[in-house]
Amino acid sequence: MGNRTNFPIAIIGAGFAGIGAAIQLKKAGIQSFTIFERASEIGGTWRDNTYPGAACDVPSHVYSLSFEQNPNWSRRYATSSEIQEYLLGVVDKHELRERMRLDTEIVEARFDEKSGSWFLTTNESETFTARAVIAGVGGLVDPSYPNIAGLDQFEGEMMHTARWNHDVDLRDKRVAVIGTGASAVQVVPSIAPIVAMLSIFQRTPAWVVGKFDALYPNWLRRFLARVPFFLRASRFVKYWTSELRGPIVFFNSRILSRIGVALSMWNLRRQVKDPMLRRRLTPNFQFGCKRVLVSDDYWASFERENVDLVTDSIEGIESKGIRTKDGSLHEADAIVLATGFKLGLATAPFPIIGRQGRTLDEAWAGGAVAYKGMTVAGFPNWFIMMGPNTGPGHTSVLVYTEAQISHALQAITKLMAENLKYMDIRQDVQDRYNAGIQKRMKHMVWGGCKSWYLNEDGSNHSLYPGFAAEYVLRTRKLRSEDYEIAAL
Ligand code: N01
């Protein structure tokens, strides 16, 4: 292989994607990488989301790195802190800390065509040069604060689920939760038993299916540690179970949707006795159109005396609470914003300036597009993790991420081995790929309602329209002919 030390690689972000990429680079014998992380600790989503009840909604045997399987998950769906511990352990095991620059935010990246290098500028105005960049900055990172009048007028405590303030004690307080998405279904049942009063402001009810979470007994964990074959088998089974259920979640098929609706309605009936309440909690959009939620106790929370479902729309926030359009003031001591995230994968995380001075935001003005979700024409040697149209609606995102890591690694290995200046995906190849993705999108269920999956114009640049296995097959082999290649 070419000169390994003269090929500096920047990994941006120390979440699952960045850590996974670093491990695989190391395993391939490539040591010349630096991980840049804007926060003071690694972990991404699992460092940031510490609200009560925060956990994975994909079984942990699949929601972990296939090359770092963990026999010790304490339960089927690990909590946020357990996942963070797992990531910390993996970082230590692979001695990644020495390659890490924490508290270092990349604020600009500029490609220099002459040298085939990216110049990365940090928030401290330092500049780093990288021959290749693996951008693992995450897709759902920065909290989305709702555009509600008077948000800053509230005199009580206010916090977003993704920025939980653990100094605030909610015990015996009147708490309002705005939002009923994946974060809300976890936080609501966790705080309902301890607060005096919980008002949940629902704009759109969600389809929720059973989670069937369970603790893994010690003997099983010991067994899985001793016989890794069964750990791999467990992952295999859980992965294929989610894949095979995929069509119910993503295809625009009335028949398949009915299966999902039946599962969800069963879940609602077993948790809520009151038919009136059930009606108010029942969605009126097609199953799968928004992310299907997973919980055994979210709906049951509404049966509690101290929990109130508010379906009147919000007029504004005042010093003492939330005013709804019917004129009522719902007084609260604390407001929890379970209002989701800004969609990071559809825009450049910071100014990224490629060939001929074109920015990534300019390239994505009509919607975020990347070949196989990873490479963008005009931005050579830049590999996006969890990029456009690579999100799953039905299984572990890490299956896609690992495919991306492997693809980037193949390209980087080629660049190094053949002493190339750069590999730039051909515009025609990228256009053809995207046309195929958008054509398939028409058969998917996501166009029928409003969700974070969609851009303002209704186009979908976030999810992958198909099975994870198909994506993995499609990305398995680097097709050099798809790239414009320049020698040094
Ligand atoms: O956010 P969301 P989330 N007034 O965008 C409501 C991942 N995740 O944090 O549906 C009133 O889903 C909004 O209402 P509506 C997962 O990929 C994973 O819950 O737009 N309400 C909605 O109910 C997930 O999809 C895990 O009408 C307002 C809610 O806020 C993604 O993160 C766990 C409002 C936002 O729901 C986001 O989930 C948690 C307003 N002005 C999250 N603005 C895992 O377990 C917004 N809403 C892996």
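Residues numbered from 1 in each chain as written. Predicted model: local features only at pLDDT ≥ 70, side-chain atom pairs only at ≥ 80, totals over all residues. Heavy atoms only, no water.

Enquirer: Talk me through helix α1 (residues 16-27); I want residue IDs and the actual numbers.
Expert: In this model α1 runs 16 Å from its N-terminal to its C-terminal C-alpha over twelve residues, within 8% of the 16 Å that 1.5 Å per residue would give. Judged by how many residues are buried, α1 sits mostly within the fold: eleven of twelve residues are covered. Those residues of α1 that fall on the buried side of the exposure criterion are Phe16, Ala17, Gly18, Ile19, Gly20, Ala21, Ala22, Ile23, Gln24, Leu25 and Lys26. Packed against the buried residues of α1 are β1 (9-12), β2 (33-36), α2 (45-48), α3 (80-93), β7 (132-135) and α11 (397-417). Two residues or fewer after α1 comes Gly29, characterised by a positive phi angle close to 85°. (Helix = DSSP H or I, 4+ residues; strand = E, 2+ residues; numbered from the N terminus. Expected span 1.5 Å × (residues − 1). Buried < 20%, exposed > 50% of the residue type's maximum accessible area, 1.4 Å probe, protein only. Contact = heavy atoms within 4.5 Å.)

Enquirer: Summarise the packing of helix α12 (residues 427-441) against helix α13 (residues 468-475); cite the residues concerned and give the values.
Expert: Helices that pack against each other are described as a pair by the angle of their axes relative to one another and the distance between those axes. Look at α12 against α13: their axes get within 15 Å of each other, and the N-to-C directions meet at 170°. Judged by the angle between their axes, α12 and α13 are roughly antiparallel. Contacts from Tyr433, Ile437 and Arg440 of α12 reach α13 at Glu470, Tyr471 and Arg474. The residue makeup of the contact of α12 with α13, split by class, is three nonpolar, no polar and three charged. (Axes fitted to C-alpha atoms, helices over the stretch in contact; angles between N-to-C directions. Parallel < 35°, antiparallel > 145°, perpendicular 65-115°, else oblique. Nonpolar A, V, L, I, M, F, W, Y, C, P; charged D, E, K, R; others polar.)

Enquirer: Talk me through the packing of α1 against α11; I want residue IDs and the actual numbers.
Expert: Between α1 and α11, the least distance of the axes is 10 Å, while the angle of their chain directions is 40°. Classified by the angle their axes make, α1 and α11 are oblique. Judged by the sense of rotation from one axis to the other, the crossing of α1 with α11 is right-handed. Along its contact with α1, which presents Phe16, Ala17, Gly20, Ala21, Gln24 and Leu25, the element α11 presents Leu398, Thr401, Ile405, Leu409 and Ile412. (Left-handed = near helix turned anticlockwise from the far one by under 90°.)

Enquirer: Requested: an account of the domain arrangement of the protein, with residues and values cited.
Expert: Each assigned domain of the protein is listed here: domain 1 (9-141 + 344-487) and domain 2 (143-206 + 291-340). The interface is formed by 13 residues belonging to domain 1 together with 14 residues belonging to domain 2. Summing the contributions of domain 1 and of domain 2, the shared interface buries around 1,300 Å²; its carbon and sulfur component is 43%. Among the residues of domain 1 in contact with domain 2, Tyr51, Pro52 and Asp57 are the three that bury the most area, contributing 46% of the side total. (Domains from an automatic or database assignment. Buried area = accessible area lost by both parts, 1.4 Å probe.)

Enquirer: Requested: an account of α11, with residues and values cited.
Expert: Spanning 21 residues, α11 covers 30 Å between terminal C-alpha atoms, matching the ideal 30 Å at 1.5 Å per step. Across the 21 residues that make up α11, a large majority, 16, are buried.

Enquirer: Residues and numbers for unusual backbone geometry, please.
Expert: For Asp172, which is not a glycine, the phi torsion comes out positive at approximately 60°. Summarising the element assignment, Asp172 is placed in the loop between β9 (157-160) and β10 (174-178). Among the residues examined, Asp172 registers a relative accessible area of 60% and is labelled exposed. Positioned with a positive phi, Phe212 is a non-glycine residue whose angle comes to about 50°. You can see Phe212 is positioned in the loop between β12 (208-209) and α5 (218-226).

Enquirer: Explain the sheet that holds β9 residue by residue, including any values.
Expert: Reading across from one edge, β9-β18-β10-β11-β14 is the order of the five strands in this open sheet, with parallel pairing throughout. Among the strands making up the open sheet, the edge pair consists of β9 and β14 (307-310). Each strand of the sheet is rotated relative to its neighbour by a mean of 15°, with strand direction disregarded. Judged from the four bridges that link them, β10 and strand β18 (residues 334-337) form a sheet pairing that is parallel. Across the sheet, the residue bridging to Val177 is Val336, located in β18. (Pairing = 2+ DSSP bridges.)

Enquirer: Tell me what's going on with the pattern of salt bridges, and back it up with residues and numbers.
Expert: A full pass over the atoms with the stated rule returns 28 salt bridges. Across the pair Arg97 and Glu41 runs a salt bridge whose closest N-O atoms are separated by 3.0 Å. Of this pair, Arg97 sits in the loop between α3 and β3 (100-101) while Glu41 sits in the loop between β2 and α2, placing them 56 residues apart in sequence. Assessed through its relative accessible area of 32%, Arg97 is described here as partly exposed. Judged by relative accessible area, which is 27%, Glu41 ranks as partly exposed. Close ionic contact of Arg174 with Asp333 constitutes a salt bridge, the shortest N to O distance being 2.8 Å. Here Asp333 lies in the loop between β17 (329-331) and β18 and Arg174 lies in strand β10, a separation of 159 residues in the sequence. (Salt bridge = Lys/Arg side-chain N within 4 Å of Asp/Glu carboxyl O.)

Enquirer: Tell me what's going on with the pairing of strand β4 (residues 106-112), and back it up with residues and numbers.
Expert: In the sheet, β4 pairs with strand β5 (residues 117-122) via six bridges, with the strands oriented antiparallel. Bridge pairing in β5 links Ile106 to Thr122. Turn length for the β4-β5 hairpin, with the two strands adjacent in sequence and antiparallel, is four residues, and the turn residue Gly116 shows positive phi of about 65°.

Enquirer: So what's going on with the packing of aromatic side chains? Which residues, and what values?
Expert: All chains considered together, the criterion is met by 25 aromatic pairs. Lying across the ring of Phe33, Arg99 places its NZ or CZ 5.2 Å from the centre. (Phe/Tyr/Trp six-rings, centres within 6.5 Å; stacked < 30°, edge-to-face > 60°. Lys NZ or Arg CZ within 6 Å of the ring centre and 35° of its normal.)

Enquirer: Go over the environment of Thr475, please, and point to the residues and values.
Expert: Relative to the helices and strands, Thr475 resides in helix α13. When sequence neighbours within four positions are dropped, the list of residues in contact with Thr475 reads Lys372, Met374, Ala403 and His407. A polar side-chain atom of Thr475 sits 2.8 Å from the main-chain carbonyl oxygen of Tyr471. (Polar contact = N/O pair within 3.5 Å; in protein donor to acceptor, adjacent residues only side chain to side chain.)

Enquirer: Pulling in residues and values, what's your account of the side chain of Lys421?
Expert: Within the secondary structure layout, Lys421 lies in strand β22 (residues 420-425). The charged side chain of Lys421 is buried without a salt bridge, its nearest counter-charge being Glu113 at 6.9 Å. Here Lys421 is in contact with Glu113, Lys114, Ser115, Gly116, Arg131, Asn381, Leu415, Ala486, Ala487 and Leu488, once residues within four sequence places are set aside. (Lys, Arg positive; Asp, Glu negative; His and termini not counted.)

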